[in-house]
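Chain by chain, the residues:
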Amino acid sequence: MKLYNVAVVGASGAVGEELFRVMEEQNFPVGELLPLASINSVGKEIEFNGKEYKIQELTEDVFKGRDIDIAFFSAGGSISAKYAKYAVESGAVVIDNTSHFRMIDNIPLVVPEVNPEDISLWEETGIIANPNCSTIQMVQLLKPLHDLYGIKRVDVSTYQATSGAGKAGMEELVRQMQDFFAFKLDETKVEAFTHQIALNVIPHIDTPQENGYTKEEMKMVNETNKIMHSNFAVSATCVRVPVLRSHSESITITFEDDVDVNVEEAREALASFENVKLVDDLKNNEYPMPMTATDTDETYVGRVRKDLYASNILHLWGVADQVRVGAATNSVRIAQKWIELEG
């Protein structure tokens, strides 16, 4: 098997660390490995396939003469904006996990189970964009149902874990819970989120927009239709919840007016879709939860039910580990599909 030289930008971050885990678990054909991060992480070691690698500083010249084939970027939009071009100039394909390139017309935005054909468009810019974590798990559930019935509108409320804000978000939840049990919650620090996250839910993720939505909500609206090559209506309400890992979503799907939803048919379509797992037995207390999804590579779906008043509306509940499915695993799956195309 051909081996590929791989760079990981953001090697010390939560997604970077998960990328190494996923590549190792999937036996990704890595030749040389180049972990990169800011100067603050230089010299730290990461382990991959039983070998220690020192993190090197990301600079404008670090890709020169390296013969990197694939460069994963997971260090923030401003970093990708500045440094991705240098990886592309050196001959690498950039798989970017930030929001910076997602809505640029000539850059493919890819969820391999949904629109693998778009990967072939990478050559125009050398970049493939990885969608927002909440969008990824949602379109994996929408795609089989859209193929079955034709979607007219989607309304989604998300219940997003603190890991969506990186290590700092998870650490803040843990620290605040410790403060609660020490009877010091009134003294707790609020830094990663707009309000205290422990014992609370915050209906505010990312910056407010003029239309009353947040940037996170508009990502889901705009990215969904780009990925699915569709033009159906999408409305999102994104909420931060005191969960460490894995995002949950309550999704209401309105199909074309003449559709009479068959719930069993819908369940079968979901259960047979790639990397989707149906867990839907309410009587036996079986349904997707963050604890179900964490540290897995599947998107879980349950609570599938027809609307009480309209025959063309379906409600469901989906959960996925957004560090893996919503970031690292999707990036690796993009790379695997890219290798198939290049091969």
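Below: a short report on this structure. Worth saying up front: this structure is predicted, and the values here are computed from it rather than measured.

A few words now on the packing of helix 3 (residues 133-149) against helix 6 (residues 263-271). As a packed pair, helix 3 and helix 6 sit with axes 9 Å apart at the nearest point and diverge in direction by 130°. One element, helix 3, and the other, helix 6, form an angle in the oblique class. Both helix 3 and helix 6 take part in a crossing whose hand is right-handed. When helix 3 is examined against helix 6, the residues Leu141, Pro144, Leu145, Leu148 and Tyr149 are found in contact with a partner set consisting of Glu265, Ala266, Ala269 and Leu270.

Turning to the pairing of strand 4 (residues 51-54), a few remarks are in order. Taken together, the four bridges between strand 3 (residues 45-48) and strand 4 define a ladder with antiparallel strand orientation. Bridge assignment links glutamate 45 to a residue of strand 4, and that residue is lysine 54. Where strand 3 hands over to strand 4, the hairpin turn is made up of two residues, of which asparagine 49 adopts a positive phi near 50°.

With that settled, consider the packing of aromatic side chains. Two aromatic rings, taken as a pair, are described by how far apart their centres are and by the angle between their planes. Per the stated rule, a full pass over the model turns up eight aromatic pairs. Seen in terms of ring centroids, tyrosine 159 and tryptophan 317 are 5.3 Å apart; in terms of plane orientation they differ by 55°. Their pairing is tilted. Here tryptophan 317 lies in strand 14 (residues 313-320) and tyrosine 159 lies in strand 9 (residues 151-160), a separation of 158 residues in the sequence. Classification of tyrosine 159 as partly exposed rests on a relative accessible area of 34%. Grouping aromatic residues by their ring pairs yields a cluster made of Tyr4, Trp122 and Trp338.

Glancing now at unusual backbone geometry. With the exception of glycine, most residues fall at negative phi, and the peptide bonds are largely trans. Of note, asparagine 27 is a non-glycine position whose phi angle comes to about 55°, a positive value. Topologically, asparagine 27 is positioned in the loop between helix 1 (14-25) and strand 2 (30-37). One non-glycine residue, aspartate 295, lies in the positive phi region at around 70°. Summarising the element assignment, aspartate 295 is placed in the loop between helix 7 (290-293) and strand 13 (299-306).

Turning our attention to the sheet that holds strand 5 (residues 56-57). Strand order in the open sheet formed by six strands is 5-2-1-6-7-8, with parallel pairing between adjacent strands. The strands lining the two open edges of the sheet, one partner per strand, are strand 5 and strand 8 (127-129). Here two bridges tie strand 2 to strand 5, and the two strands are oriented parallel to one another. In the strand pairing of strand 5, leucine 36 is matched with glutamine 56. Lying over the sheet, helix 2 (residues 77-89) contacts strand 1 (4-9), strand 6 (70-73), strand 7 (93-96) and strand 8, oriented at roughly 180° with respect to strand 6.

A few words on the environment of lysine 85. By the element assignment, lysine 85 lies in helix 2. Looking at lysine 85, the relative accessible area reads 44%, which means it is partly exposed.

The subject of this paragraph is the pairing of strand 11 (residues 247-255). Within strand 11, seven of the nine residues are buried, which leaves the element mostly enclosed by the surrounding structure. Relative to strand 11, strand 9 runs antiparallel, the two sharing eight bridges. Paired with threonine 158 across the bridge in strand 11 is glutamate 249. The pairing of strand 11 with strand 14 spans eight bridges and is antiparallel. Bridge pairing in strand 14 links isoleucine 251 to leucine 316.

Rules behind the numbers
Residues numbered from 1 in each chain as written. Predicted model: local features only at pLDDT ≥ 70, side-chain atom pairs only at ≥ 80, totals over all residues. Heavy atoms only, no water. Axes fitted to C-alpha atoms, helices over the stretch in contact; angles between N-to-C directions. Helix = DSSP H or I, 4+ residues; strand = E, 2+ residues; numbered from the N terminus. Parallel < 35°, antiparallel > 145°, perpendicular 65-115°, else oblique. Left-handed = near helix turned anticlockwise from the far one by under 90°. Contact = heavy atoms within 4.5 Å. Pairing = 2+ DSSP bridges. Phe/Tyr/Trp six-rings, centres within 6.5 Å; stacked < 30°, edge-to-face > 60°. Buried < 20%, exposed > 50% of the residue type's maximum accessible area, 1.4 Å probe, protein only.

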